[in-house]
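# Notes for the structure review
Chain by chain, the residues:
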Amino acid sequence: QVQLVESGGGLVQAGGSLRLSCLASGRTFSNYPMGWFRQAPGKERECVAEISASGRSTNYADSVKGRFTISRDNGKNTVYLQMNSLKAEDTAVYYCAARLATRREYDYWGQGTQVTVSS
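A brief report on the enclosed structure follows.

Conventions and cut-offs
- Residues numbered from 1 in each chain as written.
- Predicted model: local features only at pLDDT ≥ 70, side-chain atom pairs only at ≥ 80, totals over all residues.
- Heavy atoms only, no water.
- Phe/Tyr/Trp six-rings, centres within 6.5 Å; stacked < 30°, edge-to-face > 60°.
- Lys NZ or Arg CZ within 6 Å of the ring centre and 35° of its normal.
- Disulfide = S-S within 2.5 Å.
- Helix = DSSP H or I, 4+ residues; strand = E, 2+ residues; numbered from the N terminus.
- Pairing = 2+ DSSP bridges.
- Buried < 20%, exposed > 50% of the residue type's maximum accessible area, 1.4 Å probe, protein only.
- Salt bridge = Lys/Arg side-chain N within 4 Å of Asp/Glu carboxyl O.
- Core = buried A, V, L, I, M, F, W, Y, C linked by side-chain atoms within 4.5 Å.
- Contact = heavy atoms within 4.5 Å.

## Concerning the packing of aromatic side chains
For the structure shown, the criterion picks out 4 aromatic pairs. Here the aromatic residues Phe37, Tyr106 and Trp109 are joined through ring pairs into a cluster of three or more. The ring of Tyr106 is capped by Arg99, whose NZ or CZ atom sits 5.7 Å from the centre of that ring.

## Thoughts on the state of the cysteines
Throughout the structure, instances matching the rule amount to 1 disulfide. The residue that forms a disulfide with Cys22 is Cys96, at a sulfur-sulfur distance of 1.9 Å. Because the torsion about its S-S bond is 45 degrees, the bridge between Cys22 and Cys96 counts as right-handed. Here Cys96 lies in strand β9 (residues 92-98) and Cys22 lies in strand β3 (residues 18-26), a separation of 74 residues in the sequence.

## Digging into the pairing of strand β5 (residues 46-51)
Across 5 bridges, the pairing between strand β4 (residues 34-39) and β5 is antiparallel. Looking across to β5, one finds that Gly35 is bridged to Glu50. Counting the residues between successive antiparallel strands, the hairpin from β4 to β5 contains 6 residues, one of them, Gly42, with a positive phi of roughly 80 degrees. As paired strands, β5 and strand β6 (residues 58-60) are joined by 3 bridges and run antiparallel to one another. Each residue of the ladder has a partner; that of Ile51, found in β6, is Thr58. Counting the residues between successive antiparallel strands, the hairpin from β5 to β6 contains 6 residues, one of them, Gly55, with a positive phi of roughly 90 degrees.

## Quick notes on unusual backbone geometry
Of note in the backbone geometry, Asn77 takes a positive phi value of approximately 55 degrees without being a glycine. Of note, Asn77 is situated in the loop between β7 (68-73) and β8 (78-83). Phi at Ser85 takes a positive value of approximately 50 degrees, unusual for a residue other than glycine. Relative to the assigned elements, Ser85 resides in the loop between β8 and β9. Classification of Ser85 by relative accessible area gives partly exposed; the value is 41%.

## Considerations on the pattern of salt bridges
Counted under the stated rule, the structure contains 6 salt bridges. Note that Lys65 and Asp62 form a salt bridge whose closest N and O atoms lie 3.3 Å from each other. Overall, the relative accessible area of 66% leaves Asp62 in the exposed class. Residue Arg67 pairs with Asp90 through a salt bridge whose shortest N-O separation is 2.7 Å. With Arg67 in the loop between β6 and β7 and Asp90 in the loop between β8 and β9, this pair connects stretches of sequence that are 23 residues apart. Pair check on accessibility: Arg67 and Asp90 agree, each one buried. One salt-bridge network, held together by shared partners, links Arg38, Glu46, Arg67 and Asp90.

## Concerning the nonpolar core
Of all hydrophobic cores here, the largest spans 30 residues; its most connected members are Leu4, Met34, Trp36, Val79, Leu81, Met83 and Tyr94. Sorting the residues of this core by element identifies β1 (2-7), β3, β4, β5, β7, β8, β9 and β11 (113-118) as the ones contributing at least two each. Those residues in contact with Leu4, other than ones at most four positions away along the chain, are Cys22, Leu23, Ala24, Met34, Cys96, Ala97, Ala98, Tyr108, Trp109, Gly110 and Gln111.

Structural data, given as structure tokens:
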């Protein structure tokens, strides 16, 4: 089992920045690829960024490329999502998730943190 706890959400004006953190506990964090997802009211959950177990490989949704950066510190069991140039459409509940390297599906999820961007 992997337990995930997000923090860092809040209210920010359009054009501003936030950094989300996700602290993992349980199994060996460095074995797990990680992802950040978001879900806005009335919309499907969207994967915004992924990072490999080593941190050397990342992927981003087109909607956040150039504005968001995912990173991880395996020594601190933490994955981050730096969000810059925030837009009103980035408003959502953001979740971090972990998966086994042998699977495509994410098996472990945090409780989510609300990000609200005012225009």
